[in-house]
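Analysis of the macromolecular model
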Amino acid sequence: MPELPEVETVRRGLNTVVGRRIVSATVGRDRVVRRTSAQTLIDGVTGVEITAVQRRGKYLVIHTTGDQRVMIHLRMSGQVLITAADSAPPAHTHVRMTLDDRREIRFVDPRTFGEVVAYRVRDEPEVVPELIRLGPDPLVDGIATKYVVAAFAGRRRRLKDALLDQSVIAGIGNIYGDEICHAARISPLRPVGSVNRRGVVRLTDAIHRVLADAVAAGGSTLGDAQYVGVDGAAGTFQNHHRVYGRTGLRCRTCGRGLIRRTVVSQRSTHHCPVCQR
DNA sequence: AACTGTCCCTGCAAGC
DNA sequence: TGCTTGCAGGGACAGT
């Protein structure tokens with residue numbers, strides 16, 4: 001499931017299209033452009049040059065020489081692929097943007113939870129209001145201990161909930177939320193207000209370390225959702241998961257606890273009851 | 001502030 | 001074996 005490391009891997013892959021011109025675009029399924037329209041996307045990108053690809057949390061934003069930007073969110077099963085323009089598109093290819101070098105950017109998404117939205121820069125607050133509400137990005141901005149201490153003070157919500165809140169920290173999803181809690185040796189079920197300063201220091205360290213390691217590994221590719229980079233390559237960080245998807249197995253860190261699965265905010269949550277408190 | 005519920009959709013697993 | 005049904009899965013957001 002694409003979270004910060006997977007989206008960052010895609011962003012880096014998209015660097016090879018910076019400087020290229022989009023010569024044509026097609027939309028096969030209107031659902032993925034639900035906020036605007038297929039025609040808005042086509043008109044917005046046809047003929048423009050890609051000048052930069054940014055990432056904020058799990059959001060990708062393509063900047064162009066035109067007055068439009070393109071926001072892409074992969075949600076659960078979205079993929080962005082760069083292929084030869086004349087290769088056969090896989091099933092569930094919903095958007096194709098053909099470049100001036102015979103390559104093509106494709107948005108593929110079996111479940112169509114993901115979306116691709118073109119919008120004028122000045123319309124950003126109306127069309128993609130979530131972007132403004134995002135908290136700091138661990139890779140781009142870094143997460144300061146002081147900020148987290150303030151965000152947690154006096155709050156009762158569970159740590160896992162807070163980590164999944166994109167307005168607190170941008171980019172953490174279910175997998176990395178669990179892995180970060182484990183690396184910080186704090187239970188995801190702990191109320192955030194009960195985490196002391198030393199715990200917050202471990203947590204901010206864990207956020208940076210886990211996400212950086214996952215980016216270095218090209219993200220996590222799980223069985224069903226089939227996350228891959230723009231070249232179709234799978235990530236390898238799933239091989240280093242210490243708790244996610246390891247229900248009932250022995251903790252790889254302490255060697256004593258059995259990984260427990262609970263549900264927090266209707267999300268499966270994994271932790272070691274022995275080394276996470 | 002802190003929750004719960006809903007929606008989006010497909011593929012797979014379980015059940016008949 | 002082949003069909004039908006149920007539901008997991010992540011994130012945003014509306015509602016309480």
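The rules behind each value
- Residues numbered from 1 in each chain as written.
- Chains lettered and ligands numbered in written order.
- Predicted model: local features only at pLDDT ≥ 70, side-chain atom pairs only at ≥ 80, totals over all residues.
- Heavy atoms only, no water.
- Buried < 20%, exposed > 50% of the residue type's maximum accessible area, 1.4 Å probe, protein only.
- Helix = DSSP H or I, 4+ residues; strand = E, 2+ residues; numbered from the N terminus.
- Pairing = 2+ DSSP bridges.
- Near = heavy atom within 4 Å.
- Nonpolar A, V, L, I, M, F, W, Y, C, P; charged D, E, K, R; others polar.
- Domains from an automatic or database assignment.
- Contact = heavy atoms within 4.5 Å.
- Buried area = accessible area lost by both parts, 1.4 Å probe.
- Salt bridge = Lys/Arg side-chain N within 4 Å of Asp/Glu carboxyl O.
- Polar contact = N/O pair within 3.5 Å; in protein donor to acceptor, adjacent residues only side chain to side chain.

This part covers the pairing of strand 3 (residues 59-64). Taken across its six residues, strand 3 has six buried, putting it largely inside the fold. Judged from the six bridges that link them, strand 2 (residues 50-56) and strand 3 form a sheet pairing that is antiparallel. Across the sheet, the residue bridging to Arg55 is Leu60, located in strand 3. In sequence, strand 2 turns back onto strand 3 through a hairpin of two residues, with Gly57 there showing a positive phi of about 60°. Between strand 3 and strand 4 (residues 68-73), which pair antiparallel and follow one another directly, the connecting turn spans three residues.

This paragraph deals with the protein's contact with DNA strand C. Inspection of the region around DNA strand C gives 18 residues, with Lys58, Met76, Gln166, Tyr244 and Arg267 positioned closest. Of everything in DNA strand C that lies within 4 Å of the protein, sugar and phosphate atoms constitute 59%. Per-class residue counts for the surface near DNA strand C are six nonpolar, four polar and eight charged.

Attention now moves to unusual backbone geometry. Phi at Arg102 is positive, roughly 65°, even though this residue is not glycine. Position of Arg102 among the secondary structure elements: in the loop between strand 6 (93-99) and strand 7 (103-108). Residue classification places Arg102 among the exposed residues on the basis of a relative accessible area of 71%. At Thr112, a position not held by glycine, the phi torsion is positive, near 45°. Examined against the element boundaries, Thr112 turns out to sit in the loop between strand 7 and strand 8 (115-120).

What follows deals with the domain arrangement of chain A. Parsing chain A into structural domains produces domain 1 (4-133) and domain 2 (145-271). Of note, the centres of domain 1 and domain 2, computed from C-alpha atoms alone, are 28 Å apart. Tallying the contact residues gives 19 residues for domain 1 and 21 residues for domain 2. Roughly 1500 Å² of surface becomes buried between domain 1 and domain 2 when both sides are summed, with 62% attributable to carbon and sulfur atoms. Linking domain 1 to domain 2 there are zero salt bridges. Applying the counting criterion to the domain 1 and domain 2 interface returns six residue pairs in polar contact (both at pLDDT 80 or more). Among the secondary structure elements, those contributing two or more residues to the side of domain 1 that touches domain 2 are helix 1 (4-14) and strand 5 (79-84). The biggest single contributor to the side of domain 1 that touches domain 2 is helix 1, with nine residues. Looking at side-chain class alone, the side of domain 1 that touches domain 2 contains eight nonpolar, five polar and six charged residues.

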